[in-house]
Amino acid sequence: MTVRPAVVLLRNDAVLLMQYRYGDTDVFALPGGNPDPGEDLEATLERELMEELGVEIQVFNMLFCGVVTRPNQKEDVLHCVFVGEIFGGEPVLNPAHTSACSVIWKPVDELTDLAMYPSVATAIQEHHTAMLPTTYLGYIEQPFYG
């Protein structure tokens, strides 16, 4: 199983998302990335967000985690979603480090209108409004795009 950390960064009830294009579909993802060998998940997020978006972040607690089973792939992906805060810089894409098309602030209450990977819009909304404790979501029902 592969582990992929991501982070929810909020500003004025909007969450920072990275927009990708797969075929005819715009797919949105929380900023995050893949750990280097020996790197913990918080350090991965700090490094990835500096490389991809040029921002310094502080990572706080994990909001939730869940598994996506990928068709035709050997490994499932455990998505670990943390909450964090930007304390330095403004997010700007660095095309040398990401294939994302753009970065946007999307209102939390509009997330369910988007194609997201992983499909965690409802979980983000529930945690944002109710401040639920850390949760294991189990298997995440995930449509695939492209």
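A brief structural summary. No experiment lies behind these values; they were computed from the predicted model shown.

1. Quick look at the overall build of the protein
Here is step 1: The helix and strand inventory of the protein stands at two helices and eight strands.
Here is step 2: Mapped in sequence order, the helices and strands of the protein form the string β-β-β-α-β-β-β-β-α-β.
Here is step 3: Each of the 146 residues in the protein was classed as buried or not, and the buried ones make up 45%.
Here is step 4: Across the protein, contacts joining residues at least 24 apart in sequence account for 66% of those joining residues at least 6 apart.

2. Examining the environment of V7
Here is step 1: Along the chain, the position of V7 falls in strand β1 (residues 2-11).
Here is step 2: Residue V7 is classed as buried on the basis of its relative accessible area, which comes to 0%.
Here is step 3: Distance from V7 to F82, taken between C-alpha atoms, is 4.7 Å for residues 75 residues apart in sequence.
Here is step 4: In this structure, V7 is in contact with L30, P31, L45, L49, I57, F82, V83 and G84, ignoring residues within four places of it in sequence.

3. Quick word on the packing of aromatic side chains
Here is step 1: Tallied over the full model, the rule gives one aromatic pair.
Here is step 2: With a centroid separation of 6.1 Å and 10° between ring planes, the pair formed by Y20 and Y22 is classed as stacked.
Here is step 3: You can call Y22 partly exposed: its relative accessible area is 38%.

4. Considering helix α1 (residues 41-53)
Here is step 1: Between the first and last C-alpha of α1 there are 17 Å, a value that for 13 residues agrees with the 18 Å anticipated at 1.5 Å per step.
Here is step 2: Looking at the packing, one finds that the buried side of α1 touches β1, β2 (14-22), β4 (56-68), β5 (77-88) and β6 (102-107).
Here is step 3: One side-chain oxygen of the residue at the start of α1 lies 3.1 Å from the amide nitrogen of E42, identifying that residue as D40.
Here is step 4: After α1 finishes, the residue G54 shows a positive phi value of roughly 70°.

5. Topic: the side chain of R4
Here is step 1: With respect to the element layout, R4 can be found in strand β1.
Here is step 2: One buried charged side chain, R4, makes no salt bridge at all; its nearest oppositely charged neighbour is E52, positioned 5.9 Å away.
Here is step 3: If sequence neighbours within four positions are ignored, R4 has contacts with L30, G32, G33, N34, V77, L78, H79 and C80.

6. With respect to the pattern of salt bridges
Here is step 1: Evaluation of the coordinates by the stated rule reveals seven salt bridges.
Here is step 2: A salt bridge links R47 to E39; the shortest N-O distance between them is 2.8 Å.
Here is step 3: Here E51 ties to R47 by a salt bridge, and the two come within 3.2 Å at their closest N and O atoms. Pair noted here: E51 and R47 are both in helix α1, with a separation of four residues, about one helical turn.
Here is step 4: Each member of the salt-bridge network shares a partner with another, and the members are D36, E39, R47, E48 and E51.

Cut-offs and rules
Residues numbered from 1 in each chain as written. Predicted model: local features only at pLDDT ≥ 70, side-chain atom pairs only at ≥ 80, totals over all residues. Heavy atoms only, no water. Helix = DSSP H or I, 4+ residues; strand = E, 2+ residues; numbered from the N terminus. Buried < 20%, exposed > 50% of the residue type's maximum accessible area, 1.4 Å probe, protein only. Contact = heavy atoms within 4.5 Å. Phe/Tyr/Trp six-rings, centres within 6.5 Å; stacked < 30°, edge-to-face > 60°. Expected span 1.5 Å × (residues − 1). Polar contact = N/O pair within 3.5 Å; in protein donor to acceptor, adjacent residues only side chain to side chain. Lys, Arg positive; Asp, Glu negative; His and termini not counted. Salt bridge = Lys/Arg side-chain N within 4 Å of Asp/Glu carboxyl O.

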